[in-house]
Structure formats: C-alpha cells, structure tokens
Amino acid sequence: MKKSEKLVARRNAIVPEGLGMFSPVTIVSGKGATLKDADGKEYIDFAGGIGVLNAGHCPKPVVDAIVKQSRQLLHACFPVAIYEPYVELCEQLAKLFPHGKSTKVMLVNSGAEAVENAVKIARQATGKQGIICFTGGFHGRTLLGMTLTSKTGYKIGSGPFAPEVYRIPFPDYYKRNDGLKMDEFVKRELQAFESYLHNMVDASNVAAVIMELVQGEGGFVVAPKEYVQGLYEICKSKGILFIADEVQTGFGRTGKWAAYEHYGITPDISTWAKSMGSGMPIGAVIGRAEVMDKTTKGTLGGTYPGNPVACVASLATIEYMKKIDINKKGEVVGKTVMNFFKKLKHECSAIGDVRGLGAMVAFELVKDNDPNKPDSDLCKALLNACAEKGLLIISAGTSGNVIRVLSPLVISKPQLVKGLNILRTELLGLTENTSNKVANKKEIVHS
Ligand SMILES: Cc1ncc(COP(=O)(O)O)c(C=O)c1O
C-alpha cells in the first residue's frame with residue numbers, strides 16, 4: 001500500500017463523514033505552484049488551498065518572518081496586551097483598501113469570522129437587523145455564514161438557521177438572461193431588488209447587503225458592473241450598508257488588490273482572509289471609520305484574532321506581493337487561462353460557459369448545451385482524472401459542475417500551460433465518445 005493510501009485510510013478512520021474531500025491527494029510539501037505527496041509524486045497546484053496561495057506555497061520572506069516572530073512572541077491576545085504587528089497590519093490594510101476619508105480595521109482568524117463580524121458591525125452601526133444575501137453565495141461555515149450561504153448541500157440537517165437573513169437571485173447572466181440584452185437584464189434585476197424591498201423586507205429593517213462581486217464557491221459568476229453600481233446606489237439612498245465579501249477575490253486574484261476596484265465603488269465594509277496570510281489563519285474586516293466606530297466596546301474580539309505570527313506572515317505577504325507585482329501576475333495568469341478555455345470551448349461541447357475576472361477563471365460543464373442541465377458527474381470524473389495525471393484542481397458551483405482555476409499567481413507560464421493541457425487532454429478524453437476525438441488533437445502550446 002502506498003503511503004498516500006495509508007494516510008487516506010487513517011483519515012477516513014478518524015475524521016467525521018461530514019468533512020468534505022475533493023480528492024484523495026495527500027500533501028507533504030509545497031513550493032511555488034508545485035506540491036509533493038506522501039509518496040513523492042509531484043502535482044501542479046491549480047487549487048491553491050482554495051484560493052489561499054496567491055503568493056505561492058511557502059514564499060521565503062513569509063517563512064522567514066514567521067520563523068523570526070515565532071522565536072519572539074507566539075501569542076498575547078490583542079485585547080490583553082497590544083503588540084505592533086497587529087497595529088501595523090491594520091495600518092497597511094487601511095492604506096491598501098481605503099474605505100472613504102477614514103478607515104478602520106479589525107483582524108480575525110478566518111473568512112467566516114470576518115463575515116460574522118462585518119454583520120455584527122453593520123447591525124450595530126445601523127440599528128437594523130436584516131441582511132440581504134444572494135443565491136449561489138458562500139460566506140463560511142459558522143451558523144451565520146452557513147445561513148448566508150446558498151448551497152443547501154453545505155448545511156443539510158444543520159438548522160435552525162440564523163434569523164433576519166433574506167436572499168435575492170444573483171445577477172447570473174448566463175443562467176438567467178431569458179434572452180435579454182445585458183442592459184435590459186440589469187434593469188430587470190435592479191427593479192426586482194427594489195420590489196423585494198416592498199414585498200419581502202422593508203429597507204428600514206435592512207442593515208446591509210452582502211455580496212461576492214465574483215462568486216467563488218458559487219462558480220466564478222461575475223456580477224455585471226452596472227448591476228453592482230445600481231445596487232450600491234439603491235443601498236446608499238435607503239440607508240443600507242454594502243458589504244463586499246472579498247475573501248476569495250482579494251489580494252491579486254482578479255488582477256487587482258480588491259475586486260471592488262473593477263466596479264468603481266467603495267463598500268462600506270469589506271471582508272478578507274485566504275491569500276492575505278499565505279496560509280496562516282488570518283482575516284480582516286475593513287470599513288469606513290464612522291461605521292466601524294459605531295460599535296460598543298467589548299462587542300468585538302476573541303482570543304486568537306490577529307495572532308502575532310499570523311500578522312507578520314500577512315505583512316510579509318503584502319510586501320512580497322507588492323515587490324513581485326501580484327496584480328500584474330493575476331492579470332497575466334488570467335489572460336492565459338481565459339484564452340485557453342475559450343479555445344477549449346470550441347473543441348468541447350460539454351463546456352457551456354467560460355467566464356471570469358482576472359485570474360478567477362472557470363468553465364461550466366453542462367449537458368445538451370443547456371445552462372440548466374449541470375454535468376456534475378463529468379466534473380467529478382475530470383477532477384479525478386487530472387489528479388491521476390498530476391494536476392490538483394477543484395470544482396465549484398451549487399451543482400458542482402464548474403471547473404475553476406485558483407493556482408498560485410506566481411506559477412510560471414510553462415507550468416501553467418502544462419497544467420492546462422492536462423486538463424484539456426483529460427476533458428477531451430472523457431468526452432471523446434460524444435463529441436471529440438482526442439487522438440488527433442495537438443496540445444495548445446501558447447495562449
Ligand atoms: C467569499 C467567501 N467568504 C467567506 C468564506 C469563508 O472563509 P473561511 O473558510 O476562511 O471561513 C469563503 C471561503 O471559501 C469565501 O469564499
């Protein structure tokens with residue numbers, strides 16, 4: 001029995017059923033965009049620990065900062081004793097992501113915690129309770145995060161869920177365009193939002209709308225710019241705060257530090273985690289000072305948030321990202337993947353849609369070219385086939401039929417193209433009986 005198989009067996013014997021497992025790939029070490037498993041097999045990483053490794057596995061400056069800080073101070077608890085890395089990181093984040101004239105920042109351990117705190121802040125700041133979220137949205141696995149999350153498969157049997165959470169359809173043009181042009185579609189969706197405020201919950205009871213501008217777990221669905229701008233204006237006019245959940249979109253993934261920068265808006269509050277710490281558990285809530293300060297002392301906090309080691313890891317990550325121009329890398333990776341997928345769509349009729357923003361690029365697998373017939377079996381088979389061939393890649397979408405690329409943005413062009421060609425070969429191989437003959441198709445060598 002291989003070491004990996006033994007480890008999987010041990011895992012299955014000790015961890016509960018409910019813990020998901022994309023594939024039985026094990027990992028012992030990682031560098032850049034390369035992983036090594038328990039038997040020494042190498043993988044190209046297109047999963048990035050679900051979007052955490054924009055700066056790559058174990059970037060040297062981050063590792064060095066962690067080692068140095070570990071020797072000096074592992075823990076203090078910020079409410080108990082103040083330490084500089086926490087303050088410094090908040091200052092850096094406020095500079096990178098100014099929210100109006102004056103910005104305030106608090107640190108947390110994870111994306112879900114960022115969302116929980118953003119909602120607590122929005123409720124305290126407005127004196128209102130309602131939160132509006134979207135179909136297809138994902139905001140974490142705590143009780144409130146799960147309530148805000150759309151996909152029922154994440155929460156079967158886990159209720160009752162948190163009250164005062166309302167859900168509206170995400171402006172998913174691919175699935176819900178009904179033959180409308182984009183401007184007509186946006187108009188219809190914004191009208192639907194306004195009538196929701198008349199028919200379902202009045203604005204006087206809504207503290208905030210929370211939105212992923214590009215849905216991550218929902219399948220890399222990009223919200224139309226005009227929709228977001230319209231929604232933002234409606235919210236502003238009705239005293240509803242706008243929370244942008246940037247947990248998956250942030251830190252170069254869309255080719256900018258923040259996805260909201262593509263939309264010409266600044267949220268009242270935003271939530272962050274994943275790639276900001278290169279794998280250390282750290283997240284943040286950033287917001288306009290006048291909103292953030294409308295909170296009562298003692299209502300925010302925790303034992304571990306903004307742990308000193310995680311703070312220095314994040315500071316070093318940000319500095320490194322600036323040095324290597326992570327946004328440019330995001331743009332370049334995104335263009336390569338997008339061009340590749342567009343070509344692949346012409347070769348493979350199972351691909352219903354190719355979409356993305358920056359390096360958040362995905363394709364959706366459907367049957368009969370019908371957006372409403374998701375092919376999740378093909379998607380699963382493709383993930384497994386890729387893993388066999390040394391490519392670790394994960395799916396997304398409420399039906400699990402979307403293939404998404406979340407590779408480290410430091411991946412080299414040859415390694416990226418190699419990974420894309422594995423994906424292509426395996427996809428064409430799996431679909432060849434229906435629409436393709438893979439044998440006489442040459443590799444796509446450039447984008
Ligand atoms: C947009 C978004 N929000 C929140 C979360 C939850 O983050 P975490 O898993 O760190 O709690 C995720 C995780 O995938 C996410 O993609």
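Residues numbered from 1 in each chain as written. Predicted model: local features only at pLDDT ≥ 70, side-chain atom pairs only at ≥ 80, totals over all residues.

## So, the environment of Pro 171
Now for step 1: Among the secondary structure elements, Pro 171 is positioned in the loop between β6 (165-168) and α7 (173-176).
Now for step 2: Accessibility expressed as a C-beta count within 10 Å gives 26 for Pro 171, which makes it buried.
Now for step 3: Taking the C-alpha atoms as reference points, Pro 171 and Leu 190, separated by 19 residues in sequence, lie 9.2 Å from one another. (Helix = DSSP H or I, 4+ residues; strand = E, 2+ residues; numbered from the N terminus. Buried ≥ 20, exposed ≤ 12 C-beta atoms within 10 Å, placed from the backbone.)

## Concerning helix α11 (residues 308-323)
Now for step 1: For α11, which comprises 16 residues, the first-to-last C-alpha distance of 23 Å matches the rise-based estimate of 22 Å (1.5 Å per residue) to within 8%.
Now for step 2: Most of α11 is tucked away, with 12 of its 16 residues classed as buried.
Now for step 3: Buried residues of α11: Pro 308, Val 309, Ala 310, Cys 311, Val 312, Ala 313, Ser 314, Leu 315, Ala 316, Thr 317, Ile 318 and Met 321, and no others.
Now for step 4: Taken together, the buried residues of α11 touch α3 (60-72), α4 (84-96) and α12 (326-347).
Now for step 5: At the exit of α11 stands Asp 325, carrying a positive phi of roughly 50°. (Expected span 1.5 Å × (residues − 1). Contact = placed C-beta atoms within 7 Å.)

## Brief notes about the nonpolar core
Now for step 1: Ranked by size, the top nonpolar core spans 128 residues in total, and within it Leu 241 and Ala 284 carry the most contacts.
Now for step 2: A total of nine residues in this core trace back to one element, the largest contributor, which is α11.
Now for step 3: For this core, the domains that each give at least three residues are domain 1 (3-55 + 325-431) and domain 2 (61-323).
Now for step 4: Those residues in contact with Leu 241 that sit more than four places away from it in its chain are Ala 122, Ala 125, Thr 126, Ala 207, Ala 208, Cys 235, Asp 268, Ile 269 and Val 291. (Core = buried A, V, L, I, M, F, W, Y, C linked by C-beta atoms within 7 Å. Domains from an automatic or database assignment.)

## As for the sheet that holds strand β14 (residues 360-365)
Strand pairing in a sheet relies on backbone hydrogen bonds, with the paired strands running either antiparallel or parallel.
Now for step 1: The four strands are arranged β13-β14-β17-β16 in an open sheet whose pairing can be described as antiparallel. Edge positions in the sheet fall to β13 (351-357) and β16 (394-396), since each has one partner strand and no second. Between one strand and the next, the sheet's axes are offset by a mean angle of 30°, whatever the strand orientation.
Now for step 2: Along the sheet, α12 contacts β13, β14 and β17 (402-405); its crossing angle with β13, the most-contacted strand, is approximately 165°.
Now for step 3: The strands that helix α13 (residues 376-388) touches are β14, β16 and β17; relative to β16, the one it contacts most, it runs at about 160°. (Pairing = 2+ DSSP bridges. Axes fitted to C-alpha atoms, helices over the stretch in contact; angles between N-to-C directions.)

## Comments concerning the sheet that holds strand β11 (residues 269-272)
Now for step 1: Strand order across the open sheet formed by seven strands is β4-β12-β11-β10-β7-β5-β6, with mixed pairing between neighbours. One side of each edge strand has no neighbouring strand; the edge strands of this open sheet are β4 (103-108) and β6. Here the strands of the sheet are splayed against their neighbours by 20° on average, with no regard to which way each runs.
Now for step 2: Pairing geometry for strand β5 (residues 130-134) and β6, over four bridges, is parallel. Residue Cys 133 lies in a different strand from β6, and its bridge partner there is Arg 167.
Now for step 3: Contacts from helix α5 (residues 111-126) reach β4, β5, β7 (206-211), β10 (241-245), β11 and β12 (283-288) within the one sheet, and its direction differs from that of β12 by about 25°.

## Some thoughts on the site of the ligand
Now for step 1: Ser 110, Gly 111, Ala 112, Gly 140 and Val 247 are the nearest of the 15 residues found near the ligand.
Now for step 2: A per-element tally of the shell around the ligand places α5 first, with three residues.
Now for step 3: For the shell around the ligand, the residue count by class is six nonpolar, six polar and three charged. (Near = placed C-beta within 6 Å. Nonpolar A, V, L, I, M, F, W, Y, C, P; charged D, E, K, R; others polar.)

## What about α12?
Now for step 1: The end-to-end C-alpha separation of α12 is 32 Å, in line with the 32 Å expected for 22 residues at 1.5 Å each.
Now for step 2: When α12 is considered as a whole, its buried residues turn out to be Ile 326, Asn 327, Lys 329, Gly 330, Val 333, Gly 334, Thr 336, Val 337, Met 338, Phe 340 and Phe 341.
Now for step 3: Elements in contact with the buried residues of α12: α11, β13, β14, β17 and α14 (413-431).

## Considering the packing of α12 against α14
Now for step 1: The N-to-C vectors of α12 and α14 enclose an angle of 20°; their axes lie 11 Å apart at closest approach. The orientation of α12 with respect to α14, classified from their angle, is roughly parallel. α14 is crossed by α12, and the crossing has right-handed handedness. Counted together, Val 333, Thr 336, Val 337, Phe 340, Leu 344 and Glu 347 of α12 and Lys 413, Leu 416, Leu 420, Arg 424 and Leu 428 of α14 form the full contact between these two elements. (Parallel < 35°, antiparallel > 145°, perpendicular 65-115°, else oblique. Left-handed = near helix turned anticlockwise from the far one by under 90°.)

## Quick word on the domain arrangement of the chain
Now for step 1: Segmenting the chain into domains produces domain 1 (3-55 + 325-431) and domain 2 (61-323).
Now for step 2: A C-alpha centroid distance of 25 Å is found between domain 1 and domain 2.
Now for step 3: Contact with domain 1, which involves 29 residues of that partner, is made by 30 residues of domain 2.
Now for step 4: Of all elements in the fold, only α2 (48-51), α12, β13, β14 and β17 reach the threshold of two or more residues within the side of domain 1 that touches domain 2.
Now for step 5: When residues of the side of domain 1 that touches domain 2 are assigned to their parent elements, the largest contribution, six residues, is made by α12.
Now for step 6: In terms of residue class, the side of domain 1 that touches domain 2 is built from 13 nonpolar, 10 polar and six charged.

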